[in-house]
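Structure assessment
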Amino acid sequence: DQQVKQNSPSLSVQEGRISILNCDYTNSMFDYFLWYKKYPAEGPTFLISISSIKDKNEDGRFTVFLNKSAKHLSLHIVPSQPGDSAVYFCAAYFGGGADGLTFGKGTHLIIQP
Amino acid sequence: KAGVTQTPRYLIKTRGQQVTLSCSPISGHRSVSWYQQTPGQGLQFLFEYFSETQRNKGNFPGRFSGRQFSNSRSEMNVSTLELGDSALYLCASSLLSIAGTYNEQFFGPGTRLTVL
């Protein structure tokens, strides 16, 4: 049973527009959430994170929103740039568990010129 | 500062063989975690080593094992390879253990293992 789900395998957005990537989770014990970006032939690189005690975290063009009641988080990228084309992974962490990071299956974001 | 390095980058083995993958963490990092990435299951946590001790373990069979050396370098071993073990194996290093409190993990480029 997947505890972290990214229901959109791919997303196409025009350059300059907003990209919104979504992630749902089922385990209410998760206390930390992260987004990673992955280019082909490279490992995932950390993008932005949010603690479960917050509902929003911003870093430049990237904002993550957390809705605990809906067990949903989203990543907003504004404005979208060609270099943002990559696979984005949502990940969750539970401090009392033993599973490291639990990842979603990823969303392939394609920024069109 | 050099990043996380993994060797080899690509590997082809046949069913029944065993394989050892290597990971060198960022200098000063003492925790190394291993993940398996497959198209069907996505990225899944295998185990974490910190100070030469396994701290966490994911839901994988005993054929998957690892160890960590005193210089924090880690190796992962898979015995009796199966076709389903074909995957990208990623290691991630962090300053401290991720057991109990999250510490930012930095990923290596991965080792692509193909089992024929």
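For the structure itself, look to the data block above.
Residues numbered from 1 in each chain as written. Chains lettered and ligands numbered in written order. Predicted model: local features only at pLDDT ≥ 70, side-chain atom pairs only at ≥ 80, totals over all residues. Heavy atoms only, no water.

Broken down by element type, chain A carries 0 helices and 11 strands. Going from N to C terminus, chain A has its helices and strands arranged as β-β-β-β-β-β-β-β-β-β-β. By the compact-globule yardstick of 13 Å for 113 residues, chain A fits well, its C-alpha radius of gyration being 13 Å. Reported as C-alpha extents along the three principal axes, the dimensions of chain A are approximately 45 × 30 × 20 Å. With 113 residues in all, chain A has 44% of them scored as buried. (Helix = DSSP H or I, 4+ residues; strand = E, 2+ residues; numbered from the N terminus. Rg over C-alpha atoms; globule rule 2.2 N^0.38 Å. Buried < 20%, exposed > 50% of the residue type's maximum accessible area, 1.4 Å probe, protein only.)

Residues and elements named next belong to chain B. Overall, antiparallel pairing links the 4 strands, which are arranged E1-E3-E8-E7 in an open sheet. Since the sheet does not close on itself, it has two edges, and those belong to strand E1 (5-7) and strand E7 (64-68), each with one partner. Taking the axes of each pair of neighbouring strands and ignoring which way they run, one obtains an average angle of 20° across the sheet. Direction of pairing for E7 relative to strand E8 (residues 74-78): antiparallel, over a ladder of 5 bridges. In the sheet register, Gly66 faces E8, and the bridge partner there is Met76. (Pairing = 2+ DSSP bridges. Axes fitted to C-alpha atoms, helices over the stretch in contact; angles between N-to-C directions.)

As a further point, take the interface of chain B and chain A. Contact residues are listed per partner, giving 22 residues for chain B and 19 residues for chain A. The largest share of the area that chain B buries against chain A comes from Leu43, Tyr102 and Phe107 of chain B, three residues that together contribute 37% of it. Here chain B is connected to chain A by 0 salt bridges. Linking chain B to chain A there are 6 residue pairs in polar contact (both at pLDDT 80 or more). (Contact = heavy atoms within 4.5 Å. Buried area = accessible area lost by both parts, 1.4 Å probe. Salt bridge = Lys/Arg side-chain N within 4 Å of Asp/Glu carboxyl O. Polar contact = N/O pair within 3.5 Å; in protein donor to acceptor, adjacent residues only side chain to side chain.)

The next thing to look at is the nonpolar core. One finds Phe33, Trp35, Leu73, Leu75 and Tyr88 of chain A to be the most contacted residues of the largest nonpolar core, which totals 23 residues. Sort the elements by how many residues they give to this core and strand E9 (residues 86-93) of chain A lands first, with 4 residues. Membership of the second largest hydrophobic core comes to 21 residues, among which are Ile26, Val32, Phe47 and Leu81 of chain B. (Core = buried A, V, L, I, M, F, W, Y, C linked by side-chain atoms within 4.5 Å.)

For the coordinates displayed, the defined rule picks out 15 aromatic pairs over all chains. Centre to centre, the rings of Tyr25 of chain A and Phe33 of chain A are 4.7 Å apart; their planes meet at 40°, and the pair counts as tilted. In this pair, the class of Tyr25 of chain A matches that of Phe33 of chain A, namely buried. Ring geometry for Tyr35 of chain B and Phe45 of chain B: centres 5.5 Å apart, planes at 65°, overall edge-to-face. Remark: Phe45 of chain B occurs in strand E5 (residues 42-50) and Tyr35 of chain B occurs in strand E4 (residues 31-38); sequence separation between them is 10 residues. Note on Tyr35 of chain B: relative accessible area 0%, which makes it buried. Its relative accessible area of 6% is what places Phe45 of chain B among the buried residues. An aromatic cluster is defined as three or more aromatic residues linked by ring pairs; in this entry it consists of Tyr36, Phe46, Phe89 and Phe103 of chain A together with Tyr35, Phe45 and Phe107 of chain B. (Phe/Tyr/Trp six-rings, centres within 6.5 Å; stacked < 30°, edge-to-face > 60°.)

So, about the sheet that holds strand E7 (residues 62-67) of chain A. Residue and element names in this part refer to chain A. Here we have 5 strands laid out as an open sheet, ordered E1-E3-E8-E7-E6, and antiparallel in their pairing. Single-partner strands in this sheet number two, and they are strand E1 (4-5) and strand E6 (56-59). Where E1 meets strand E3 (residues 19-25), 2 bridges bridge the pair, whose relative direction is antiparallel. The partner of Val4 across the bridge, within E3, is Tyr25.

This brings us to the state of the cysteines. In protein chemistry, a disulfide is the covalent bond that joins the sulfur atoms of two cysteines. For the structure shown, the criterion picks out 2 disulfides over all chains. Between Cys23 of chain A and Cys90 of chain A runs a disulfide, and the two sulfur atoms are separated by 2.0 Å. Residues Cys23 of chain A and Cys90 of chain A share a disulfide whose torsion about the S-S bond is about -70°; that sign makes it left-handed. Residue Cys23 of chain A is found in strand E3, and its partner Cys90 of chain A is found in strand E9; the two are separated by 67 residues along the sequence. We classify Cys23 of chain A as buried; its relative accessible area is 0%. The side chain of Cys23 of chain B participates in a disulfide bridge whose partner is Cys91 of chain B; the two sulfur atoms lie 1.8 Å from each other. (Disulfide = S-S within 2.5 Å.)

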